[in-house]
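The lines below spell out each chain.
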Amino acid sequence: MMRSRDIHATTAGMLLIAATAASLVATALLGSLLDGPGFLAGVSQHQDRMLTAGLFQLVAAFTSAAIAISFYPVLRTYAAGMALGSVGFRLIEGVFYALSAVGTLVLVALSDQLSASGVIGATTQVSGELVRDLREAAAVAGVLAFYTGGTLYYLVFFRSRLIPRWLSIWGLAGTTFGAIGALLVLFRAIDTMSGPQVALNVPIGVQEIVLAVWLIWKGFSTTVPAPVADPGTPLTHARA
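Quick summary incoming for the structure in this document. (Residues numbered from 1 in each chain as written. Predicted model: local features only at pLDDT ≥ 70, side-chain atom pairs only at ≥ 80, totals over all residues. Heavy atoms only, no water.)

### Topic: the overall build of the protein chain
Turning to step 1, where the next piece is worked out: Summing up its helical and strand segments, the protein chain has six helices and two strands in all.
Turning to step 2, where the next piece is worked out: Across the protein chain, helices and strands are ordered from the amino to the carboxyl terminus as α-α-α-α-α-α-β-β.
Turning to step 3, where the next piece is worked out: Residues counted as buried form 42% of the 240 residues belonging to the protein chain.
Turning to step 4, where the next piece is worked out: Pairs at least 24 apart in sequence give 74% of the contacts found in the protein chain among residues at least 6 apart.
Turning to step 5, where the next piece is worked out: For the protein chain, the accessible surface area stands at approximately 11,800 Å², while carbon and sulfur atoms represent 69% of it. (Helix = DSSP H or I, 4+ residues; strand = E, 2+ residues; numbered from the N terminus. Buried < 20%, exposed > 50% of the residue type's maximum accessible area, 1.4 Å probe, protein only. Contact = heavy atoms within 4.5 Å. Areas by Shrake-Rupley, 256 points an atom, 1.4 Å probe, with all protein chains shown as cover.)

### Here's the deal with the packing of aromatic side chains
Turning to step 1, where the next piece is worked out: Under the defined criterion, the tally for this structure stands at 11 aromatic pairs.
Turning to step 2, where the next piece is worked out: Centre to centre, the rings of tyrosine 153 and phenylalanine 157 are 6.1 Å apart; their planes meet at 70 degrees, and the pair counts as edge-to-face. Remark: phenylalanine 157 and tyrosine 153 occur in helix H4 (residues 122-160); sequence separation between them is four residues, near one turn of the helix. Note on accessibility: tyrosine 153 and phenylalanine 157 belong to one class, buried.
Turning to step 3, where the next piece is worked out: Grouped by ring-pair contacts, the aromatic residues Phe71, Tyr153, Tyr154, Phe157 and Phe220 constitute a single cluster.
Turning to step 4, where the next piece is worked out: Its guanidinium or amino end placed over the ring of phenylalanine 158, arginine 165 lies 4.2 Å from that ring's centre, counting from NZ or CZ.
Turning to step 5, where the next piece is worked out: Taking the ring centre of tryptophan 217 as reference, the NZ or CZ of lysine 218 above it sits at 4.6 Å. (Phe/Tyr/Trp six-rings, centres within 6.5 Å; stacked < 30°, edge-to-face > 60°. Lys NZ or Arg CZ within 6 Å of the ring centre and 35° of its normal.)

### Here's the deal with H4
Side chains of residues three or four places apart in an α-helix project in the same direction, reflecting 3.6 residues per turn.
Turning to step 1, where the next piece is worked out: Here H4 contains 39 residues, and its C-alpha end-to-end distance of 57 Å stays within 8% of the 57 Å for a straight helix at 1.5 Å per residue.
Turning to step 2, where the next piece is worked out: Arginine 161 lies just past H4 and shows a positive phi near 65 degrees. (Expected span 1.5 Å × (residues − 1).)

### Here we look at the pattern of salt bridges
Turning to step 1, where the next piece is worked out: Applying the stated rule across the entire model yields two salt bridges.
Turning to step 2, where the next piece is worked out: The salt bridge partner of glutamate 93 is arginine 90, with a shortest N-O separation of 2.7 Å. In this pair, glutamate 93 and arginine 90 are both assigned in helix H3 (residues 47-117), three residues apart and thus about one turn of the helix distant.
Turning to step 3, where the next piece is worked out: Look at glutamate 93 and you get buried, because its relative accessible area is 2%.
Turning to step 4, where the next piece is worked out: Between arginine 132 and aspartate 133 there is a salt bridge, with its nearest N and O atoms 3.9 Å apart. (Salt bridge = Lys/Arg side-chain N within 4 Å of Asp/Glu carboxyl O.)

### A word on the packing of H4 against helix H6 (residues 195-217)
Turning to step 1, where the next piece is worked out: Interaxial distance between H4 and H6 falls to 14 Å at its minimum, and their mutual angle equals 50 degrees. In terms of orientation, H4 lies oblique with respect to H6. Crossing of H4 against H6: the hand is left-handed. Of H6, the residues touching H4 (which contributes Phe146, Tyr147, Tyr153 and Tyr154) are Asn201, Ile204, Gln207, Glu208 and Leu211.
Turning to step 2, where the next piece is worked out: Residue composition of the contact of H4 with H6, grouped by class: six nonpolar, two polar and one charged. (Axes fitted to C-alpha atoms, helices over the stretch in contact; angles between N-to-C directions. Parallel < 35°, antiparallel > 145°, perpendicular 65-115°, else oblique. Left-handed = near helix turned anticlockwise from the far one by under 90°. Nonpolar A, V, L, I, M, F, W, Y, C, P; charged D, E, K, R; others polar.)

### Topic: the side chain of glutamate 208
Turning to step 1, where the next piece is worked out: Positionally, glutamate 208 belongs in helix H6.
Turning to step 2, where the next piece is worked out: Here glutamate 208 is buried and forms no salt bridge, its nearest opposite-charge partner arginine 90 lying at an N-O distance of 4.2 Å. (Lys, Arg positive; Asp, Glu negative; His and termini not counted.)

### Re the layout of surface pockets
Turning to step 1, where the next piece is worked out: Estimated volume of the largest pocket: approximately 1,600 Å³.
Turning to step 2, where the next piece is worked out: Lining the largest pocket are 44 residues, with Ala139, Val143, Thr192, Met193 and Gln197 positioned closest to its centre.
Turning to step 3, where the next piece is worked out: Those elements that place two or more of their residues in the lining of the largest pocket are helix H1 (2-30), H3, H4, helix H5 (165-186) and H6.
Turning to step 4, where the next piece is worked out: With 10 residues, the single largest contributor to the lining of the largest pocket is H4. (1 Å grid on protein atoms, 1.4 Å probe; cavity = no way out; pocket = protein on both sides within 12 Å on 5 of 7 lines; lining within 4 Å. Points joined across faces, edges and corners; volume = space filled by probe spheres on them.)

### Digging into the environment of glycine 13
Turning to step 1, where the next piece is worked out: Note on placement: glycine 13 falls in helix H1.
Turning to step 2, where the next piece is worked out: You can call glycine 13 buried: its relative accessible area is 0%.
Turning to step 3, where the next piece is worked out: Along the primary structure glycine 13 and valine 210 are separated by 197 residues, whereas in three dimensions their C-alpha atoms are 9.3 Å apart.
Turning to step 4, where the next piece is worked out: Leaving out residues up to four positions away in the same chain, glycine 13 has contacts with Ala212, Leu215 and Ile216.

Pasting the structure below:
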């Protein structure tokens, strides 16, 4: 049992690092390429950069969904419903991130018209702006799904004490701040990747790296309250 827990903890820790790294690399590669009305010209000049960003977005999509899946076998023992919900929302997150990545690749295809003729028609420009807006909307939807799924498994962590409670509380605070930032972007109160949104996402970004290191180094707690199978059954403690 302990060996199985160690494997799940290490796997989750590595996935957390991979998802965070892939997301940061994709964001850095995209930079300001998609800003402004004539952004397709910039995309045409940096197609390799865009394609690489799309690849890292896909990696982020798959690893993000896999995080909750790796937690599930352990968390379902303590709160099956919330554990399953976290998997569901993070799968939704992965789907929307993948859609955003596809949007990135479609923009590269649209920019080929400029590469071929040197001119982008009005229809292509409008199509490009539509794809850009749709990929950004998909990214926001994915982020909101992430914060919902993350909140669910941090609640289970808090109740079960599989990780230190200060780390669970930090995670819950981080998902709350991040969700506020995503909602502000959704309702156009702030811009995507603006200073306020980045600041609101820093707590969960740092927390997930700390959590990853903790899981790889320490794993899940070896002394936690045993799940209560029956409301009338007294709470006991068990060492895994």
